[in-house]
Amino acid sequence: DGGITQSPKYLFRKEGQNVTLSCEQNLNHDAMYWYRQDPGQGLRLIYYSQIVNDFQKGDIAEGYSVSREKKESFPLTVTSAQKNPTAFYLCASSRDYGLISGNTIYFGEGSWLTVV
Amino acid sequence: GESVGLHLPTLSVQEGDNSIINCAYSNSASDYFIWYKQESGKGPQFIIDIRSNMDKRQGQRVTVLLNKTVKHLSLQIAATQPGDSAVYFCAENMRNTPLVFGKGTRLSVIA
């Protein structure tokens, strides 16, 4: 099946630890994105990557890091510098960065991160 | 998993009735708009999109209307079913900038 796979679905982090969320897509999409979603809120952009080996900060990049070494993979690391990391994290991809009808953003199923 | 849709505006609709979900967007230069449906604990699913050179687009049981004059977008769902219960987000895009999402509306279908 073609799609976006996020793992793990649920993750618990102790304060002071870094954790990495995995995102893999087999859609041959150039662009990939990470969003954060808090209860009662819309989606906020953390980082995005227009093409392999390139990425840019979104609106709330502080305390997060990413890499894009392979086209199909865009892992997100939540570092200890992120003071309020408990949230639902969504990975997404699009064929390329210029969005038009027929080239839109598709989402994975999300990962829940909880700080304990 | 916990809901991501707490404290959202809620629209309650009787099963079989039509639903209209509204969205005010922020950027008059936005030229592409998308509606997503998000069920509890899942990622958003694409429903329908529309470009700024159109004012209406129809899909299966859904219609999106765009009013650029007042920066308003609406999603109409015909013959609403229990499976339509979810949080609905609009998103706007200006070419070569990231997609911007609204806060969402919870649709609750009463059987």
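Residues numbered from 1 in each chain as written. Chains lettered and ligands numbered in written order. Predicted model: local features only at pLDDT ≥ 70, side-chain atom pairs only at ≥ 80, totals over all residues. Heavy atoms only, no water.

(A) Seen up close, the overall build of chain B. The secondary structure content of chain B amounts to zero helices and ten strands. Listing every helix and strand of chain B by position from the N terminus yields β-β-β-β-β-β-β-β-β-β. For chain B, the C-alpha atoms occupy an extent of roughly 40 × 30 × 20 Å along the three principal directions. A burial count over chain B gives 42% of its 111 residues as buried. Long-range contacts, defined as pairs at least 24 residues apart, comprise 54% of the intrachain contacts of chain B with a sequence gap of at least 6. Carbon and sulfur atoms provide 48% of the accessible area of chain B, an area that totals close to 5,500 Å². (Helix = DSSP H or I, 4+ residues; strand = E, 2+ residues; numbered from the N terminus. Buried < 20%, exposed > 50% of the residue type's maximum accessible area, 1.4 Å probe, protein only. Contact = heavy atoms within 4.5 Å. Areas by Shrake-Rupley, 256 points an atom, 1.4 Å probe, with all protein chains shown as cover.)

(B) Up close: the state of the cysteines. This model, assessed by the stated rule, comprises two disulfides over all chains. Bridging C23 of chain A to C91 of chain A, the disulfide has an S-S length of 1.9 Å. Between C23 of chain A and C91 of chain A the sulfur-sulfur dihedral comes to about -75°; the bridge is accordingly left-handed. With C23 of chain A in strand β3 (residues 19-25) and C91 of chain A in strand β9 (residues 87-94), this residue pair connects regions lying 68 residues apart in the sequence. Each of the two residues, C23 of chain A as well as C91 of chain A, counts as buried. Covalently, C23 of chain B is tied to C90 of chain B through a disulfide, its sulfur atoms 1.7 Å apart. In this pair, C23 of chain B is assigned in strand β2 (residues 19-24) and C90 of chain B in strand β8 (residues 86-93), connecting sequence segments 67 residues apart. Neither C23 of chain B nor C90 of chain B differs from the other in exposure class; each is buried. (Disulfide = S-S within 2.5 Å.)

(C) Inspection of the side chain of S73 of chain A at higher detail. When you line up the elements, S73 of chain A lands in the loop between β7 (64-66) and β8 (76-78). The contacts of S73 of chain A, once residues within four sequence positions are left out, are C23, E24, M32, S67 and R68 of chain A.

(D) Structural context of the interface of chain A and chain B. Tallying the contact residues gives 28 residues for chain A and 29 residues for chain B. Carbon and sulfur atoms supply 59% of the area that chain A and chain B bury against each other, a total of about 2,300 Å² over both sides. Connecting chain A to chain B are zero salt bridges. Inspection of the region where chain A meets chain B yields four residue pairs in polar contact (both at pLDDT 80 or more). The class makeup of the residues in the side of chain A that touches chain B is 15 nonpolar, ten polar and three charged. (Buried area = accessible area lost by both parts, 1.4 Å probe. Salt bridge = Lys/Arg side-chain N within 4 Å of Asp/Glu carboxyl O. Polar contact = N/O pair within 3.5 Å; in protein donor to acceptor, adjacent residues only side chain to side chain. Nonpolar A, V, L, I, M, F, W, Y, C, P; charged D, E, K, R; others polar.)

(E) A look at a nonpolar patch on the surface. Nonpolar side chains collect at one region of the surface, where Y10, F12 and V116 of chain A lie side by side and expose about 350 Å² of accessible area between them. Along the polypeptide, V116 of chain A turns up in the segment after β11 (111-115). (Patch = residues over 30% accessible without salt bridge, like charges linked within 9 Å, V, L, I, M, F, W, Y side chains within 5 Å.)

(F) Structural detail: the packing of aromatic side chains. All names here are of chain A. Tallying each qualifying case throughout the model produces twelve aromatic pairs over all chains. Ring centres 5.7 Å apart and planes at 50° place the aromatic pair Y35 and F107 in the tilted group. You can see Y35 sitting in strand β4 (residues 31-37) and its partner F107 sitting in strand β10 (residues 106-107), a full 72 residues away along the chain. Comparing Y35 with F107, the two get one shared label, buried. (Phe/Tyr/Trp six-rings, centres within 6.5 Å; stacked < 30°, edge-to-face > 60°.)

(G) Up close: the pattern of salt bridges. According to the stated counting rule, one finds seven salt bridges over all chains in the structure shown. The salt bridge involving D30 of chain A is made with K71 of chain A; its shortest N-O contact spans 3.4 Å. In this pair, D30 of chain A sits in the loop between β3 and β4 while K71 of chain A sits in the loop between β7 and β8, placing the two residues 41 residues apart along the sequence. Among the salt bridges present, the one from D84 of chain B reaches R61 of chain B, with a minimum N-O distance of 2.9 Å. Linking D84 of chain B in the loop between β7 (72-77) and β8 with R61 of chain B in the loop between β5 (56-58) and β6 (62-67), this pair joins segments that are 23 residues apart in sequence.

(H) Just the side chain of S19 of chain B, in detail. Residue and element names in this part refer to chain B. With respect to the secondary-structure elements, S19 resides in strand β2. A polar contact of 2.6 Å, which involves the side chain of S19, links it to the side chain of T80. With residues up to four places along the chain from it excluded, the contact list for S19 reads L11, V13, L75, Q76, I77, T80 and L107.

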